[in-house]
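Listed below are the residues making up each chain.
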Amino acid sequence: MHTQIFREEVQRLVEQEGAYLVEVLPPAEYEDEHIAGAINLPLKTLNRAAVAGMDTSKAVITY
Amino acid sequence: MSSRAASRFESLGFSKVYDYLPGKMDWAAAGLPREGASVSSATVVAAINKDTLTCTLDERLGDVSARVKAANTDACIVVSPEEIVLGRVRGKALEGEASALVEDIMESGPTTIRPNTDLDETIDLLRSKSVDSILVTDANGKLLGTLYADEAELFRDAYGEGEDSCCCCGLLSVA
């Protein structure tokens, strides 16, 4: 079960563990504004092919 | 939506999955770097002066006044142990009885703004109201510093000329 976290933990996970920071909103919203360094994987297109290049052992943070 | 996406990541084989529910609004309110088409103008975070004098509720006015004078400033911001802004002591209040407690003489709830507020709009607002400065806090009310109108205008001028500005986060490179 995933865990809800706050800003400080997001920063720690990204900086110290190289976590993936993933915006799951549609591309238009991502392109308008997103957290620096975040990637865009919209929920509607989130499938096995979309994550094929990602390391499943690393942490993932969704927002 | 992010919670559903987190569950989807788990179903795709990821074992360490977290959901940052407050999201980019919370991130922006803390003045942290953002990217994107709408993040092209300077924000307040670029011009925050972090040398803001602070004091606590249980301090005596005499001690606070001495520190204000030594710092060559005109106010002391009252904060909690977690640095949450509670009030302010300034002006004639600083000339009161030295033994008075800060808690008893402070102005409660001074106006604050968030660091992701547009810098141009904030300067215009300060000038229109003849206000020299305003406190900057994060979304939790934690003090980040003070925005001085004069300093902010200098930053704005530098940003307008494109000197060492960062188009992705609105930050200026300041020595």
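Look above for the structure.
This section reports on the structure supplied with the text. (Residues numbered from 1 in each chain as written. Chains lettered and ligands numbered in written order. Predicted model: local features only at pLDDT ≥ 70, side-chain atom pairs only at ≥ 80, totals over all residues.)

Section: the overall build of chain A
Piece 1. For chain A, the helix and strand inventory stands at two helices and five strands.
Piece 2. Starting at the N terminus and walking to the C terminus, you meet the elements of chain A as β-α-β-α-β-β-β.
Piece 3. Looking at chain A as a whole, 30% of its 63 residues are labelled buried.
Piece 4. Taking the intrachain contacts of chain A between residues at least 6 apart in sequence as the baseline, contacts between residues at least 24 apart amount to 42%. (Helix = DSSP H or I, 4+ residues; strand = E, 2+ residues; numbered from the N terminus. Buried ≥ 20, exposed ≤ 12 C-beta atoms within 10 Å, placed from the backbone. Contact = placed C-beta atoms within 7 Å.)

Focus: unusual backbone geometry
Piece 1. Positive phi outside glycine occurs at Asn72(B), with the angle close to 55°.
Piece 2. Considering the arrangement of structural elements, one finds Asn72(B) in the loop between helix H3 (61–70) and strand S4 (75–79).

Comments concerning the interface of chain A and chain B
Piece 1. Taken together, the contact between chain A and chain B spans 26 residues of the former and 33 residues of the latter.
Piece 2. For the side of chain A that touches chain B, the elements supplying multiple residues, two or more each, are strand S1 (3–4), helix H1 (7–17), helix H2 (27–32), strand S3 (34–35) and strand S5 (60–62) of chain A.
Piece 3. The residue makeup of the side of chain A that touches chain B, split by class, is 15 nonpolar, six polar and five charged.
Piece 4. Pairing geometry for S1(A) and strand S1 (residues 17–19) of chain B, over two bridges, is parallel. Of the residues in S1(B), the one forming a bridge with Gln4(A) is Asp19(B). (Nonpolar A, V, L, I, M, F, W, Y, C, P; charged D, E, K, R; others polar. Pairing = 2+ DSSP bridges.)

Quick word on the sheet that holds strand S8 (residues 133–137) of chain B
Strand pairing in a sheet is mediated by backbone hydrogen bonds. Such pairs are either parallel or antiparallel.
All names here are of chain B.
Piece 1. Sheet architecture is open: three strands sit in the order S7-S8-S9, paired in mixed fashion. Of all the strands in the sheet, just strand S7 (112–113) and strand S9 (143–148) have a single pairing partner and so form its edges.
Piece 2. When S8 meets S9, the two strands line up antiparallel, connected through five bridges. Paired with leucine 135 across the strands is threonine 146, a residue of S9.

So, the sheet that holds strand S3 (residues 54–55) of chain B
All names here are of chain B.
Piece 1. The four strands are arranged S3-S4-S5-S6 in an open sheet whose pairing can be described as mixed. The two strands at the open ends of the sheet, each matched to only one other strand, are S3 and strand S6 (107–108).
Piece 2. Here S3 runs beside S4; their pairing, made up of two bridges, is parallel. Within the sheet, the bridge partner assigned to cysteine 55 lies in S4 and is valine 78.
Piece 3. Contacts from H3 reach S3, S4 and strand S5 (85–90), with the element oriented near 130° to S4. (Axes fitted to C-alpha atoms, helices over the stretch in contact; angles between N-to-C directions.)

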